[in-house]
Amino acid sequence: MINHGECPKCGKRVLHVRIESAVATVDDQTKGRCLTFSCIHCNVVLGVQVDPRQKPRPKHRAPDA
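Computed from a prediction, not measured in an experiment: that's the story for all the values here.

A. Just the overall build of the chain, in detail. Within the chain one finds zero helices and three strands. Across the chain, helices and strands are ordered from the amino to the carboxyl terminus as β-β-β. Put simply, the chain has 65 residues, and 14% of those count as buried. Taking contacts inside the chain between residues at least 6 apart in sequence as the whole, the part at least 24 apart equals 21%.

Next up, the structure:
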């Protein structure tokens, strides 16, 4: 038998999750894309991870003086 987890808020079994995109920031600076995993019953966030599919972003160069 497969052991399924329960949502910590509503207590229902977590058989499906809602996956949404989010932006990670540190000190108001964007650091990359993330994925959030939410309970489909009560919408509580169960976890967040760095999006492994994100494309590398070009580095911004300082303007020429």
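From this point, things continue past the structure.
B. Just the environment of Glu-6, in detail. By secondary structure assignment, the location of Glu-6 is in the segment before β1 (17-26). Separated by 33 residues in sequence, Glu-6 and Cys-39 place their C-alpha atoms 9.5 Å apart. The residues touching Glu-6, leaving out its near neighbours within four places in the chain, are Gly-11, Lys-12, Arg-13 and Val-14.

C. Geometry of the pairing of strand β3 (residues 45-50). In this structure, strand β2 (residues 29-39) lies alongside β3, joined through five bridges in antiparallel fashion. Across the sheet, residue Phe-37 finds its bridge partner in β3, namely Gly-47. Connecting the antiparallel pair β2 and β3 is a turn made up of five residues, with Asn-43 showing a positive phi of about 70°.

Basis of the calculations
- Residues numbered from 1 in each chain as written.
- Predicted model: local features only at pLDDT ≥ 70, side-chain atom pairs only at ≥ 80, totals over all residues.
- Heavy atoms only, no water.
- Helix = DSSP H or I, 4+ residues; strand = E, 2+ residues; numbered from the N terminus.
- Buried < 20%, exposed > 50% of the residue type's maximum accessible area, 1.4 Å probe, protein only.
- Contact = heavy atoms within 4.5 Å.
- Pairing = 2+ DSSP bridges.

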